[in-house]
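Chain by chain, the residues:
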Amino acid sequence: MDTNQSMRPTLLMAVALLAASCSGDSGAAPSPSSTSTTTTSTTTTSTTTTSTTTTSTTSTTTTTSTTITTTVPESACGGSGALPELAENHSLAGGDVNGDGDIDTIHTYSIGDPSLAGAWWLQVSFANGGGASQQLLDPGTSLAGARPFDGFDINGNGKDEFFARVGAGASTSEFGLFEVVDCTIHRIALDGQPSVFTAGASVNFVSGFECVDIDANGANDFLIVYTGSRLGETDEFEITAAQYFVLDGMVTFMLADGIGGNINDPDFAKFASAGCPGVTL
Ligand SMILES: [Ca+2]
Ligand SMILES: [Ca+2]
Ligand SMILES: [Ca+2]
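Everything quoted here is computed from the prediction, not taken from an experiment. (Residues numbered from 1 in each chain as written. Chains lettered and ligands numbered in written order. Predicted model: local features only at pLDDT ≥ 70, side-chain atom pairs only at ≥ 80, totals over all residues. Heavy atoms only, no water.)

Q: Where do I start with unusual backbone geometry in this structure?
A: Most of the time, phi is negative for any residue but glycine, and the peptide bond is trans. One non-glycine residue with positive phi stands out, namely asparagine 89, at about 55°. Inspection of the secondary structure assignment puts asparagine 89 in strand β1 (residues 87–95). Its relative accessible area of 42% is what places asparagine 89 among the partly exposed residues. A positive phi angle, close to 50°, is found at aspartate 182, a residue other than glycine. (Helix = DSSP H or I, 4+ residues; strand = E, 2+ residues; numbered from the N terminus. Buried < 20%, exposed > 50% of the residue type's maximum accessible area, 1.4 Å probe, protein only.)

Q: I tried to follow the sheet that holds β1 on my own but got confused; where do I start?
A: For sheets, the rule is that strands pair by backbone hydrogen bonds, running either parallel or antiparallel. Strand order in the open sheet formed by four strands is β1-β2-β3-β4, with antiparallel pairing between adjacent strands. If you trace the sheet from one side to the other, it starts and ends with β1 and β4 (131–135), each paired once. Mean inter-strand twist for the sheet, computed between neighbouring axes without regard to direction, equals 20°. Here β1 pairs with strand β2 (residues 104–111) via seven bridges, running antiparallel. Pairing of serine 91 across the sheet is with threonine 108, part of β2. (Pairing = 2+ DSSP bridges. Axes fitted to C-alpha atoms, helices over the stretch in contact; angles between N-to-C directions.)

Q: What am I meant to see in the pairing of strand β14 (residues 236–247) here?
A: Look at any regular strand and the pattern is simple: side chains alternate between the two faces of the sheet. Note that strand β13 (residues 222–230) and β14 share eight bridges and pair antiparallel. Across the sheet, residue tyrosine 226 finds its bridge partner in β14, namely alanine 241. From the end of β13 to the start of β14, which pair antiparallel, there are five residues, and glycine 232 there has a positive phi angle of about 60°. One ladder, built from 12 bridges, connects β14 with strand β15 (residues 250–262); its direction is antiparallel. Bridge pairing in β15 places phenylalanine 245 opposite threonine 252. As consecutive antiparallel partners, β14 and β15 are separated by two residues, and within that stretch aspartate 248 has a phi angle of approximately 50°, a positive value.

Q: Would you mind showing me how to read the packing of aromatic side chains here?
A: Two measures describe an aromatic ring pair: the distance that separates the ring centres and the angle between the ring planes. Tallying each qualifying case throughout the model produces 11 aromatic pairs. With a centroid separation of 5.6 Å and 65° between ring planes, the pair formed by phenylalanine 175 and phenylalanine 209 is classed as edge-to-face. With phenylalanine 175 in strand β7 (residues 172–181) and phenylalanine 209 in strand β12 (residues 205–212), this pair connects stretches of sequence that are 34 residues apart. Judged by its relative accessible area of 1%, phenylalanine 209 falls in the buried class. Summarising the aromatic geometry, the rings of phenylalanine 268 and phenylalanine 271 are spaced 5.5 Å apart at their centres and angled 80° between planes, so their arrangement reads as edge-to-face. Residue phenylalanine 268 is classed as buried on the basis of its relative accessible area, which comes to 7%. Following the ring pairs from residue to residue traces out a cluster consisting of Phe149, Phe152, Phe163, Phe175, Phe197 and Phe209. (Phe/Tyr/Trp six-rings, centres within 6.5 Å; stacked < 30°, edge-to-face > 60°.)

Q: How should I be thinking about the side chain of arginine 165 in this particular structure?
A: Secondary-structure assignment places arginine 165 in strand β6 (residues 162–168). Buried charge arginine 165 goes without a salt bridge, the closest partner of opposite sign being glutamate 174 at 9.3 Å. Here the side chain of arginine 165 touches alanine 144 through a polar contact of 3.2 Å, landing on its backbone oxygen. (Lys, Arg positive; Asp, Glu negative; His and termini not counted. Salt bridge = Lys/Arg side-chain N within 4 Å of Asp/Glu carboxyl O. Polar contact = N/O pair within 3.5 Å; in protein donor to acceptor, adjacent residues only side chain to side chain.)

Q: Got a minute to help me understand the pairing of strand β11 (residues 197–201) in this structure?
A: Both β7 and β11 contribute to a ladder of four bridges, which runs antiparallel. Counted as the bridge partner of serine 173 is alanine 199 from β11. In the sheet, β11 pairs with β12 via two bridges, with the strands oriented antiparallel. By the bridge assignment for β12, alanine 201 is matched with valine 206. The turn linking β11 back onto β12 is made up of three residues.

Shown next, in the form of structure tokens:
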């Protein structure tokens, strides 16, 4: 009995200790340790996500700035578009010659003696960077100097063409018609030659041209070129009106009419004028 009585508390203590240690282990360990593991992994995941987001944001920023850096030279034309240092007698006009919605600058200037052939240049500085230039080799340019005029869409293709004065005679001015194709200035051809439109009058001769928007939709449909000569010593002129349309870099002949004109008629002046938007003698 003594043994039993003395062992009982010991056994009870042992059971109590075991229960306490078991309940301490099994009670505390599963729930807090699993919770803290979950919390830790969640924190780790969210940290990883955050750093991933940061990384992707950084790479997006890098991509964007790279795109901007490479886009400008790729979409723009070569060169700076700046005038040469030796450029003199500078004139300028505007027009959206590449059809991107921004007005580009059209220049003429001379380099060296302006009275020498080949001294005059035509240049376009694109609004989005870069430029293109072309030497004017018209023999008459040295007499009057070159001058650009504001561009307008002569054929409704979404890009502005433009006239530039490229020469002069005793009583006439001469104009070339230009367009920009693939970063290059092209002189539109007339009758297979670099276009020259003449406007002016002398005692016995008239010449002029006119842009005609027949359906008044803002896009010109025809260019009419007038050439006329006086009939004897009368006030009457015999005038040829040649109709052209502008297509694929050419002024293409359609038809010509012989018309009469009296020098006293109010609209006679058009036979000796540059009748296209913005173009003056
Ligand atoms: Ca433009
Ligand atoms: Ca056009
Ligand atoms: Ca039209």
